[in-house]
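Per-entry structural report
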Number of protein chains: 2
Amino acid sequence: MTHSQDSAEILCIGTEILLGNIVNTNSAVISRGLADIGINMFHHTVVGDNPNRLKDALDIAFSRNNIVVTTGGLGPTYDDLSKETVADYFGVKLKLHEPSAQSIRTFFDRWKRQMTENNLKQAMMPEGCIVLENRNGTAPGAILEKDGKIAVLLPGPPREMTPMFEQQVIPYLQKRSQQVFRSHCVYFFGIGESALESKLRQDIEKMQNPTIAPYAKEGEVMLRVTASAHTAEEAEALLKPAVEMLQSRFPQYIYGIDVENLQTAVVRALHAKKLKVATAESCTGGYISKRITEVAGSSAVFDCGVTSYANEIKENLLGVKHETLQKYGAVSHQTAKEMADGVRRISGADIGVSTTGIAGPDGGTDEKPVGLVYVGISSEWYNEVLELQLSRGYASEREFIRYLAGSHALNAVLKAIKEYQ
Amino acid sequence: MTHSQDSAEILCIGTEILLGNIVNTNSAVISRGLADIGINMFHHTVVGDNPNRLKDALDIAFSRNNIVVTTGGLGPTYDDLSKETVADYFGVKLKLHEPSAQSIRTFFDRWKRQMTENNLKQAMMPEGCIVLENRNGTAPGAILEKDGKIAVLLPGPPREMTPMFEQQVIPYLQKRSQQVFRSHCVYFFGIGESALESKLRQDIEKMQNPTIAPYAKEGEVMLRVTASAHTAEEAEALLKPAVEMLQSRFPQYIYGIDVENLQTAVVRALHAKKLKVATAESCTGGYISKRITEVAGSSAVFDCGVTSYANEIKENLLGVKHETLQKYGAVSHQTAKEMADGVRRISGADIGVSTTGIAGPDGGTDEKPVGLVYVGISSEWYNEVLELQLSRGYASEREFIRYLAGSHALNAVLKAIKEYQ
């Protein structure tokens, strides 16, 4: 579905990016947002804080696109030149924008910091632009439009850029297209991106509205279903059958709609059924506990986690039997089971989940190789131990194995929660 | 210090990046590597898997640089066009590279997967190129050099790209410059980037060889000190006084040289003194335990971590006194102290470290606002409770507060370790 002939280029301005000091995460955020509203993207460019190269890059970008989104270069120092360069390109001047100047003064007052005059440079805005308020920093953004060309100027720090882009730029660009866009994100675990894509390729190719776009990350796939229509209700009506089609075709793999990630799905599901989970972690070393508690509100559903890296802790804190460890070893079906039971018992939680395995790089044997992980689940209605082999055979995959083991554990917790009415 | 007139552009090829499906981390890795060996970088470009746009981007890149590093587009499918496009530009043909074909066949045999003929496309290499072996995947890379122009072709997946770049491309480019480069990384905690930079600005500006470049991340700064010389020994001799200057000027802030991060510094320091640490976490929810256990070899120095999110767990598992929680609350100096003591006692570790605080977004009060965190340290020689205020006043900073609280805790563990002889 092509909503328009709009095409955009992202022009990131910042020597820190060229030096590799920071990773350019802004481009991914902007790309995803524009893709969702049907704006084509064929180029990303990064240039440093250099006036000539910036001007050249802007010329090239506008020669091949009608929309250019810049990030960075809005700060108070002399080498912050985004507004100057874009204003020049559009043939307008910079002028003090009093409301922005006032909020900069307020910001410095509030944090009791000394404001220097050059901070007001941030309130010098191109004449005739739409000023984008910055609710997370001092530099406002801007939108300039002239002769069918649109420049969007955004600050560099992601925590300032992202909300400004999502709350102010996307609605502005959407309005242009006279279309309303709505998306739902369907989250999959346990099926790879290529397997899912091959099952869905024909559907994806023949769908015009809504569209389905896959996004993969370590061990998971998210499908974003996006519809455009004249009203939000019409867009939602278009989305409904597509989301239902996915739910009916892949019930065993979908762990949530619009849930963001496994840990959020777990915390929400526990909340909904007034249940609690507790963790007993060996190879994941606290990673599952960390993921659960990163969700705001998790304290209502999570009281207790134990990282039992040593056998003594498995015995003394979790009550794993000495004979079990002796006979089967720490990395075993039996130990995983007793860890999950143990943490459930000591915490009083409804569900106990455990991991024990070999994350590498060392510690693997022929019998118990790197990547072997047991996940235990203990609950009133659902008890299971999963045996997983998570190695892909590459070097330095400790982080991958730990993360994926945690994902399997969280997914197993979701299954346990489903057994409760 | 300009080592040469070399300048490079990174040309990332991949529609997934333009769609925002993946974040372009490769560019940061390559940029940092080239900066370290004195190669200038003025542009990054991203294009999709489109032959015309790729060709145009390559023309533009070589019109302004003598080195172009591409990532992506080396795969087996028809839209993987990096080698074809670059070979065309250099006026050479592709030809089957038998050793690469053989390792692709071996790869498929080893994983018992069916190899299709198009996989051999990955072994079709530009005539006269240097083939870069891929030890973490199937697509080899290549270096082409002609008339002073150098094209470096690397695979897209970071776990394939990074080792190939570091182990094969950097040595190749270094050799060209007839200089040997050596770096040391000096890690700081407790001082901001701008504060450190302003104290060092004059030194940094007047230094030619070695150079000092700052890299900032959440709450930390790393200074990379890089020297070039004819031999490694000469380079090291140049580095020594610069690193010593930093150590003598900022002894209270430097937590390690070439240690990568706080958790690695902690694990190494514990190893060196044969000590163990245990964690009792409330607001960090397992994050410290997760960070310690992400370091390979941590099992020798870490047996036990407890996430005590609920008061009952603080009491029952860690032995925090009921009266303490009643009188001072869970977020208090006293509770932090008893948590650290408790986990040290139950684990038998030499050092206990605890956190209790308010990570937000909810749960803050006037008296105990979001961002208030206590870090407790319990050990034979060093006992302390730090009171921290980690909020910057922005929305959605839960992750930031949790991470930074963990960094303060790890830094405090380093201080405790220093007290042991």
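Everything that follows concerns the structure shown earlier in this document.
Below, the structure is looked at part by part. Just so it is clear, the model here is predicted, and its values are computed rather than measured.

Re the pairing of strand β15 (residues 351-357) of chain B
Residue and element names in this part refer to chain B.
- By the criterion of burial, β15 is predominantly enclosed, with 7 of the 7 residues buried.
- Burial along β15 is two-sided: Ile351, Val353, Thr355 and Gly357 and Gly352, Ser354 and Thr356, pointing in opposite directions, are all buried.
- Direction of pairing for strand β13 (residues 277-281) relative to β15: parallel, over a ladder of 5 bridges. The partner of Ala278 across the bridge, within β15, is Gly352.
- Examined bridge by bridge, β15 and strand β16 (residues 372-378) share 6 bridges and lie antiparallel to one another. Note that in β16 the partner of Thr356 across the bridge is Tyr374.

Remarks on the sheet that holds strand β10 (residues 211-217) of chain A
All names here are of chain A.
- Strand order across the open sheet formed by 4 strands is β10-β11-β9-β12, with antiparallel pairing between neighbours. With partners counted over all chains shown, the strands left at the sheet margins are β10 and β12 (254-257), one partner each. Neighbour to neighbour, the strand axes of the sheet diverge by 25° on average, direction disregarded.
- Of the pairings in the sheet, the one linking strand β9 (residues 180-189) to strand β11 (residues 220-229) comprises 10 bridges and is antiparallel in character.

Here we look at the sheet that holds β16 of chain B
- Strands sit in the order β17(A)-β16(A)-β15(A)-β13(A)-β14(A)-β14(B)-β13(B)-β15(B)-β16(B)-β17(B) across an open sheet of 10 strands; the sheet is mixed. Pairing within the sheet leaves two strands with one partner each, and these edge strands are β17 (384-389) of chain A together with β17 (384-389) of chain B. The average angle at which neighbouring strand axes cross in this sheet is 10°, direction not considered.

Some words on helix α14 (residues 398-418) of chain A
- Taking 1.5 Å per residue, 21 residues should reach 30 Å; α14 of chain A reaches 31 Å between its end C-alpha atoms and fits that length.
- Most of α14 of chain A is tucked away, with 17 of its 21 residues classed as buried.

Here we look at the interface of chain A and chain B
- With 66 residues of chain A at the interface, the matching set in chain B holds 66 residues.
- Buried area between chain A and chain B, summed over both chains or domains, comes out near 5,200 Å², and the portion from carbon and sulfur atoms is 56%.
- Scanning the region where chain A abuts chain B turns up 0 salt bridges.
- On inspection of chain A and its partner chain B, the count reaches 30 residue pairs in polar contact (both at pLDDT 80 or more).

A closer look at the nonpolar core
- One finds Leu34, Leu154 and Leu173 of chain A together with Leu34, Leu154 and Leu173 of chain B to be the most contacted residues of the largest nonpolar core, which totals 52 residues.
- Setting aside chain neighbours within four positions, we find Leu173 of chain A in contact with Leu34, Ile37, Ile39, Ile67 and Ile150 of chain A.
- By size, the runner-up hydrophobic cluster in this structure holds 43 residues, among which are Leu275, Val295, Ile351 and Leu390 of chain B.

Things to note about helix α8 (residues 232-249) of chain A
All names here are of chain A.
- A rise of 1.5 Å per residue sets the reference length of α8, with its 18 residues, at 26 Å; its end C-alpha atoms lie 26 Å apart and thus fit the reference within 8%.
- Along α8, the residues that are buried comprise Ala232, Ala235, Leu239, Ala242, Val243, Met245 and Leu246.
- On its buried side, α8 packs onto β9, α7 (193-206), β10, β11 and β12.

A look at the environment of Thr264 of chain B
All names here are of chain B.
- One can find Thr264 in helix α9 (residues 262-273).
- The spatial distance from the C-alpha of Thr264 to the C-alpha of Gly297 is 9.8 Å, given a sequence separation of 33 residues.
- Apart from residues lying up to four places away in sequence, Thr264 is in contact with Val259 and Val295.

Comments concerning the relation of the copies chain A and chain B
- The transform that puts chain A on chain B rotates by 180° and translates by 0.1 Å along the axis, for an RMSD of 0.2 Å. With respect to symmetry, the two chain copies, as superposed, fit the operation of a two-fold axis.
- Interface residue correspondence from chain A to chain B reaches 100%, placing this contact among same-surface, isologous pairings.

A closer look at the packing of helix α3 (residues 51-64) of chain B against helix α4 (residues 82-90) of chain B
Residue and element names in this part refer to chain B.
- In contact at an axis separation of 10 Å, α3 and α4 are set at 50° when each is read in the N-to-C sense. Here α4 runs oblique to α3, going by the angle between their axes. In this structure, α3 meets α4 at a crossing whose hand is right-handed. Facing Leu54, Lys55, Leu58, Asp59 and Phe62 of α3, the residues of α4 in contact are Ser82, Thr85, Val86, Tyr89 and Phe90.
- Counted by class, the contact of α3 with α4 contains 6 nonpolar, 2 polar and 2 charged residues.

Notes on the side chain of Glu220 of chain B
All names here are of chain B.
- Locating Glu220 in the fold gives a position in strand β11 (residues 220-229).
- Within polar-contact distance, the side chain of Glu220 engages the side chain of Tyr255 at 2.5 Å.
- Setting aside residues no more than four positions away along its own chain, Glu220 makes contact with Phe188, Phe189, Tyr215, Tyr255, Leu262, Arg291, Tyr403 and Ser407.

Quick look at empty space enclosed by the protein
- All chains considered together, the criterion is met by 4 cavities of 30 Å³ or more.
- Of the pockets and cavities examined, the largest cavity occupies roughly 100 Å³.
- Lining the largest cavity are 13 residues, and of these Asn24, Ser27 and His44 of chain A together with Asn24 and Val46 of chain B lie nearest its centre.
- The dominant element in the lining of the largest cavity, judged by the number of residues it contributes, is strand β2 (residues 40-47) of chain B, at 3 residues.
- Looking at the lining of the largest cavity, its residues break down into 6 nonpolar, 7 polar and no charged.
- Its boundaries defined by the atoms lining it, the second largest cavity holds a volume of some 70 Å³.
- Residue lining of the second largest cavity: Glu9, Thr45, Ala57, Ile60 and Arg64 of chain A together with Glu9, Thr45, Ala57, Ile60 and Arg64 of chain B, and that is the complete set.
- For the lining of the second largest cavity, the elements supplying multiple residues, two or more each, are α3 (51-64) of chain A together with α3 of chain B.
- For the lining of the second largest cavity, the per-class residue count stands at 4 nonpolar, 2 polar and 4 charged.

Rules behind the numbers
- Residues numbered from 1 in each chain as written.
- Chains lettered and ligands numbered in written order.
- Predicted model: local features only at pLDDT ≥ 70, side-chain atom pairs only at ≥ 80, totals over all residues.
- Heavy atoms only, no water.
- Buried < 20%, exposed > 50% of the residue type's maximum accessible area, 1.4 Å probe, protein only.
- Helix = DSSP H or I, 4+ residues; strand = E, 2+ residues; numbered from the N terminus.
- Pairing = 2+ DSSP bridges.
- Axes fitted to C-alpha atoms, helices over the stretch in contact; angles between N-to-C directions.
- Expected span 1.5 Å × (residues − 1).
- Contact = heavy atoms within 4.5 Å.
- Buried area = accessible area lost by both parts, 1.4 Å probe.
- Salt bridge = Lys/Arg side-chain N within 4 Å of Asp/Glu carboxyl O.
- Polar contact = N/O pair within 3.5 Å; in protein donor to acceptor, adjacent residues only side chain to side chain.
- Core = buried A, V, L, I, M, F, W, Y, C linked by side-chain atoms within 4.5 Å.
- Least-squares fit on C-alpha atoms with pLDDT ≥ 70 in both.
- Parallel < 35°, antiparallel > 145°, perpendicular 65-115°, else oblique.
- Left-handed = near helix turned anticlockwise from the far one by under 90°.
- Nonpolar A, V, L, I, M, F, W, Y, C, P; charged D, E, K, R; others polar.
- 1 Å grid on protein atoms, 1.4 Å probe; cavity = no way out; pocket = protein on both sides within 12 Å on 5 of 7 lines; lining within 4 Å.
- Points joined across faces, edges and corners; volume = space filled by probe spheres on them.

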